[in-house]
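Residues per chain, in single letters:
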Amino acid sequence: MKKILILMMAVSYSMVLTAAKVNQFYSVQVNDKTRTYLLYVPNNVQDSAPLVISLHGAGGTVTTTSHDPDFNSIADQEGFIVAYPQGLQTTFPGLGGMQAPGWTSTGEENFDTDFLKALIEDIDSKYTLDRQRLYCCGFSNGGMMTYVMANTCSHIFAAFAAISGYPINEFHLHHTSWRPVPFLHIHGKADDFVKYSLVPNIIEDMVDRNGANPVPVVTTVNGKYTKSVYEAGEGGFPIIFYEIDGMGHSPFTNNTEDNSSSKTMWNFFKQYTLDAPCDPTMKWRPRIETEGYNPKNHGWSVNGRTIILRFGGDQNTDENQNVYRSLQFKTGQYKLCFHAEGEEGKTVKVKIVKLTGQKTVLETTVTVGSNNSLPFEVNDGWGEYQITFIRSAKTDDITITNIGIYSTTNDDPVSVSLPTTQATNNTPFFDLSGRPIEGQPTHSGIYIKNGKKIVVK
């Protein structure tokens, strides 16, 4: 009897340890709309807690017992906070005009990005968040929105993950974030809804944007998964891609090395903090000279008559669901860097042309044997571009290496988010959403003071 009592006490104590401290809905007012989210705070929440934001797919409804991807049991073990936001009724033209709760994941700032930023501030007013350890992930349309947050809010989230979701159809992907980002993508090989066959194009765009090694380290576990790790290059972060055997369009799989896709996402997240070093000026670094990489198999035209190299120019079709390899820039000043080697005295013509309207933003000629840094400017907002390296004659033996495009303007989103009209002596600090803070910041994170970025550790 005594043994039974001790066992019952142990079970009860274990239940207390793992019980949720909070599992309830909250609301925030954003752009004249009331938005809701489910907040899960484990009983053992850390004093300065990481936060995972988990975004449901189209048609998803968040309840206290149903939310995908689910992180509650992992939060119980690790002591982090989870938020499950509820999407608004959204029209999906790519699905025949269907309306369902979801996310307007167009790749740009909008009312949904505003909601997720306001949600962070609301949680931070209730619990002390570690602003260096905020993470975003999602399923299906929530995965599409995760890509949006990687584009628009890379100065807020340390790392990102998507399962069964990437931007398709009207949600064409933008790759114009302030900095490179760590990103993990999980997709089922049997997914023909958000098509598995198109994921490699998305991954390759992310690899190029991130400056990662384009030849992955591949691990295959038969009957479970293939894991491709595109290792970080100088100034960037890795991109990791799981291809799951037998998995269709689903928010969860146990076919990873952790036997849980949610656990795999968390294990990826917790390696990264927002202040992890990177090169935010790097906007595109394809590393096509990497041993074992064949540019022709990855969207490049190579050695066609007078063309040495060309990239960019695919267009949307019903078959590709608006998913293709793309070179993109937004308004700003840039430099194109590369090395040209080959026959002495030969020259190379370089052109960067905007696909819409055929506007040329760079056209110049350089000499073989040179390391080049060529400035150009984009002044008309986001767009897609084609880059071409041209020789005088098709017999000219010239090789182009070390291609990279870098920003030469300060496009740090922190430095432009300060609402200067609100600045007073009593509120010299602002958070990343532009809200004034009385006195000194009380926890770690990135702040604004007198128009400058301040990192508090």
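Reading the values: rules and limits
Residues numbered from 1 in each chain as written. Predicted model: local features only at pLDDT ≥ 70, side-chain atom pairs only at ≥ 80, totals over all residues. Heavy atoms only, no water. Pairing = 2+ DSSP bridges. Helix = DSSP H or I, 4+ residues; strand = E, 2+ residues; numbered from the N terminus. Axes fitted to C-alpha atoms, helices over the stretch in contact; angles between N-to-C directions. Contact = heavy atoms within 4.5 Å. Expected span 1.5 Å × (residues − 1). Buried < 20%, exposed > 50% of the residue type's maximum accessible area, 1.4 Å probe, protein only.

Now for the sheet that holds strand 13 (residues 282-284). Spatially, the four strands line up as an open sheet ordered 13-22-17-20, and their pairing is antiparallel. Of all strands in the sheet, those with a lone pairing partner are strand 13 and strand 20 (371-378), marking the two edges. Strand-to-strand twist of the sheet, defined as the mean angle between neighbouring strand axes without regard to direction, takes the value 30 degrees. Two elements, strand 13 and strand 22 (residues 398-407), share two bridges in a ladder whose sense is antiparallel. Bridged to Trp284 within strand 22 is Ile405.

Another point: the sheet that holds strand 10 (residues 217-221). Here 10 strands make up an open sheet; going across it, the order is 1-2-4-3-7-8-9-12-11-10 and the pairing mixed. In this open sheet, the two strands that pair with only one neighbour each are strand 1 (20-30) and strand 10. Strand after strand, the sheet turns through a mean of 15 degrees between neighbouring axes, direction not considered. Sheet topology places strand 2 (residues 33-42) next to strand 4 (residues 81-85); four bridges connect them, and they run antiparallel. For Tyr37, the partnering residue across the bridge sits in strand 4 and is Pro85. Strands in contact with helix 5 (residues 199-210) are strand 9 (183-188), strand 11 (225-230) and strand 12 (239-244); relative to strand 12, the strand with the most contacts, it is inclined by about 165 degrees.

What follows is about helix 4 (residues 141-152). Taking 1.5 Å of rise per residue, 12 residues should cover 16 Å, and helix 4 covers 16 Å from first to last C-alpha, within 8% of that figure. Among the 12 residues that make up helix 4, 12 are buried, leaving the element largely enclosed by the rest of the structure. Turning to helix 4, its buried residues are Asn141, Gly142, Gly143, Met144, Met145, Thr146, Tyr147, Val148, Met149, Ala150, Asn151 and Thr152.

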